[in-house]
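Read off the chains here:
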Amino acid sequence: MRKAVKFSFAYLLALLVTFVASKYALPDQLVTAQDHVVTAFYAVLYFFVLPVLYWQWVIKVGNKKAWRIIIALSLSSFAARYSFPSDIAGYFDFITWLRYPFIAVVLAIEFVLFFSIVRGLWQARHLSGDPRLGVFSAYEEKKAEHLDLALAFSYEPASWYYAIPYLSRNHIKPLATLELRSGRVWFLVASVFGLLVASTLSYFALLPVNEILAIVASSFLVYGVIMATANYRISRHFSVYVSGDNLVINNNFLNLLSIHSQDIASIVQGDWPKSKNDQILCVGAGERSNVEIKFEAPQTYYGLMGMVTEQVDTVRL
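Let me sum up the structure you'll find in this document. Note that the coordinates shown come from a computational prediction; the quantities given were computed from them, not determined experimentally.

Next up on the list: unusual backbone geometry. Of note in this structure, asparagine 252 is not a glycine but carries a positive phi near 75°. The topology assignment puts asparagine 252 in the loop between β2 (246-250) and β3 (256-260). Note on asparagine 252: relative accessible area 19%, which makes it buried.

Here we come to the packing of aromatic side chains. Enumeration over the complete set of coordinates arrives at 12 aromatic pairs. Residues tyrosine 155 and phenylalanine 253 carry aromatic rings whose centres are separated by 5.0 Å and whose planes lie at 70° to one another, so their mutual orientation is edge-to-face. Placement of the pair is tyrosine 155 in helix α8 (residues 144-163) and phenylalanine 253 in the loop between β2 and β3, with a sequence separation of 98 residues. Judged by centre distance (5.7 Å) and plane angle (45°), the rings of tyrosine 162 and phenylalanine 238 are tilted. One end of the pair, tyrosine 162, is in helix α8; the other, phenylalanine 238, is in the loop between α10 (211-237) and β1 (240-243), with 76 residues separating them in the sequence. For the pair tyrosine 162 and phenylalanine 238, one class covers both residues: buried. One aromatic cluster is present, formed by Tyr155, Tyr161, Tyr162, Phe238 and Phe253 through successive ring pairs. Over the aromatic face of tyrosine 166 sits the side chain of arginine 169, whose NZ or CZ is 3.9 Å from the ring centroid.

What follows covers a nonpolar patch on the surface. Residues Trp67, Ile70, Ile71 and Leu75 make up a contiguous nonpolar surface patch of roughly 380 Å² in combined accessible area. Secondary-structure assignment places tryptophan 67 in the loop between α2 (33-60) and α3 (69-83).

The rules we used
Residues numbered from 1 in each chain as written. Predicted model: local features only at pLDDT ≥ 70, side-chain atom pairs only at ≥ 80, totals over all residues. Heavy atoms only, no water. Helix = DSSP H or I, 4+ residues; strand = E, 2+ residues; numbered from the N terminus. Buried < 20%, exposed > 50% of the residue type's maximum accessible area, 1.4 Å probe, protein only. Phe/Tyr/Trp six-rings, centres within 6.5 Å; stacked < 30°, edge-to-face > 60°. Lys NZ or Arg CZ within 6 Å of the ring centre and 35° of its normal. Patch = residues over 30% accessible without salt bridge, like charges linked within 9 Å, V, L, I, M, F, W, Y side chains within 5 Å. Areas by Shrake-Rupley, 256 points an atom, 1.4 Å probe, with all protein chains shown as cover. Salt bridge = Lys/Arg side-chain N within 4 Å of Asp/Glu carboxyl O.

Encoded structure:
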């Protein structure tokens, strides 16, 4: 797991732990001096510590725009609305009022998403490669944040494309096959089982907080079965291939590296132990690599559906 991905998960874990702990530690109302101290402590965690962690671990490490700090503050405000004592929680009612325009936006997004899924599936029947690759050619001259967003949305048709063998029957033949844990049957079974268990647990855990939130979270996890299947098939059958002038390397379905042939400085065979150098991307299971590719200039490695990006100048397979 790369540095940017580790720190992103670390922030989510810190947010989750803080929220769960606050549900048990914070009082229902401010009565005693101890209640004020505990509430002040969690206020500092929510609105200072967590935003600072987001700035350092997500924005700085992931090379993201500074405006994304709004995401951290919004998450903290949402958590405060449902965990702080009633005396203070009322000040965060704006989160409740925002649910109405939020629902309207969600419905609009759902309609657009439904249309894009149907259109993507219809177009995918003739595709010979990854639907995500079209995003690179379409957005290569536009701002990086446009490409990141478009790439994230392209994972929707891509997940169906790879999950259903009929749709990917015309896929380009692989150049090589990486040894990936995600390409093994036991990993697929464990992933599906874990998603179903997590869906059930999340529903019952969030039900006391908010029924709609419990349903949305549970449904989202169940829907992840499609992506888990796509992850298995792309790791097993299409981990390395050449599409046009690009060498495509899939370190599972969520992580993608596409390199133009002109940007490749050298490709050599050898034997290297797994490196701790952040500039060397090691792809595949095991502790040793046997192929090293160097680039003329740093290339962008897209992780977590394009939400985390890193610059690398060497990749070892």
